[in-house]
Amino acid sequence: DAAQIPIAAPSANLFSRPSPTRAEHVLQDLGGRIDMVVDGGATNVGIESTVLDLTSPNPTVLRPGAVTLEMLQELLPNVVAAADLGPTDDSRARASPGTMAKHYSPRAPLVLFSGNARVALEALVERARAAVAVGHRVGVLVMREDVDAFGEFPVQLAEMGTRSDLAGVAARLFAALRQLDAANVDVIFARDVGAQEGLGRAIADRLQRAASERIDVD
């Protein structure tokens, strides 16, 4: 409003780190490098924008976001999603930001479990117990439905919300990753959101790119 022109800028974070969703996150990465932060409160959406490529015969979503593939299909019936996480050679130029195979990463390595919900949770808990047993400080990026699985288990939990409110999960995701980094954990464990459509596709994309290790269970 003050400039009276549109302003576009990249996310205010260091390269490959979780995107900032609050002013304090900007200072965590850029404190001492910038003169000012304009604090407009927590972001509403949390994850980055949808990137749509209109240069090919079929419009292609290069980066999923809150404007979902299903929303776009109402206007562009032939729109498709990019097929995969892209090549593991992250030195190659990309058509869109946020599409490197490893991106949005916390400082601690993140291990992501996916597949059958019950088996994935059991595998996550077992792996977390083993890490605690050897003296590691363990963080868990957890959905509200899974909190009880940890009981009095000595791990640092960062709750993202409930699977019935994926908008809330998307808004909380990066803040939860930064919460665990601030707790100085040695390793972070997470389970996927179990949804590959709508907003779940974008959340799954961010978790997969943030992960140092991905474990699929049956």
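I will try to describe carefully the structure that is included in this document. Note that the structure is a prediction, hence the values are computed from the model and not measured. (Residues numbered from 1 in each chain as written. Predicted model: local features only at pLDDT ≥ 70, side-chain atom pairs only at ≥ 80, totals over all residues. Heavy atoms only, no water.)

Check the secondary structure of the protein and you find 5 helices and 8 strands. When the helices and strands of the protein are read in sequence order from the N terminus, they spell out α-β-β-α-β-β-α-β-β-α-β-α-β. In terms of overall size, the protein behaves like a compact globule, its C-alpha atoms giving a radius of gyration of 18 Å where 218 residues would be expected to give roughly 17 Å. Seen along its three principal axes, the alpha-carbon backbone of the protein occupies a region of about 55 × 45 × 35 Å. Out of the 218 residues belonging to the protein, those deemed buried represent 45%. Intrachain contacts of the protein at a sequence separation of at least 6 include 58% that bridge at least 24 residues. (Helix = DSSP H or I, 4+ residues; strand = E, 2+ residues; numbered from the N terminus. Rg over C-alpha atoms; globule rule 2.2 N^0.38 Å. Buried < 20%, exposed > 50% of the residue type's maximum accessible area, 1.4 Å probe, protein only. Contact = heavy atoms within 4.5 Å.)

Okay, the pattern of salt bridges next. A side chain with one charge can pair with a side chain of the opposite charge if their charged atoms come near. By the definition in use, this model includes 14 salt bridges. Between arginine 206 and glutamate 48 there is a salt bridge, and its shortest N-O distance comes to 2.7 Å. Taken together, the residues span a long stretch of sequence, with arginine 206 in helix α5 (residues 199-210) and glutamate 48 in the loop between α1 (23-30) and β1 (51-53) at a distance of 158 residues. Exposure class is identical for arginine 206 and glutamate 48. Each is buried. For the salt bridge of aspartate 146 with arginine 163, the shortest nitrogen-to-oxygen distance reads 3.8 Å. With aspartate 146 in the loop between β5 (138-143) and β6 (156-161) and arginine 163 in the loop between β6 and α4 (166-182), this pair connects stretches of sequence that are 17 residues apart. Residue class for aspartate 146 comes out buried when judged on its relative accessible area of 7%. You can call arginine 163 partly exposed: its relative accessible area is 21%. Beyond isolated ion pairs, a larger network of salt bridges with shared partners links Arg17, Asp29, Arg178 and Asp181. (Salt bridge = Lys/Arg side-chain N within 4 Å of Asp/Glu carboxyl O.)

What follows concerns the sheet that holds strand β3 (residues 80-81). Strand order in the open sheet formed by 3 strands is β1-β2-β3, with mixed pairing between adjacent strands. Whereas interior strands pair on both sides, the edge strands pair on one side only; in this sheet they are β1 and β3. Pairing of β1 with strand β2 (residues 60-63), which is carried by 3 bridges, proceeds in the antiparallel orientation. When the bridges of β2 are listed, valine 51 appears paired with arginine 63. (Pairing = 2+ DSSP bridges.)

Moving on: α5. Between its first and last C-alpha, α5 extends 17 Å over 12 residues, near the 16 Å set by a 1.5 Å rise per residue. Taken residue by residue, α5 has Leu199, Gly200, Ala202, Ile203, Ala204, Asp205, Arg206, Leu207, Arg209 and Ala210 as its buried positions. Buried residues belonging to α5 abut β2, β4 (110-115), β5, α4 and β7 (187-191). (Expected span 1.5 Å × (residues − 1).)

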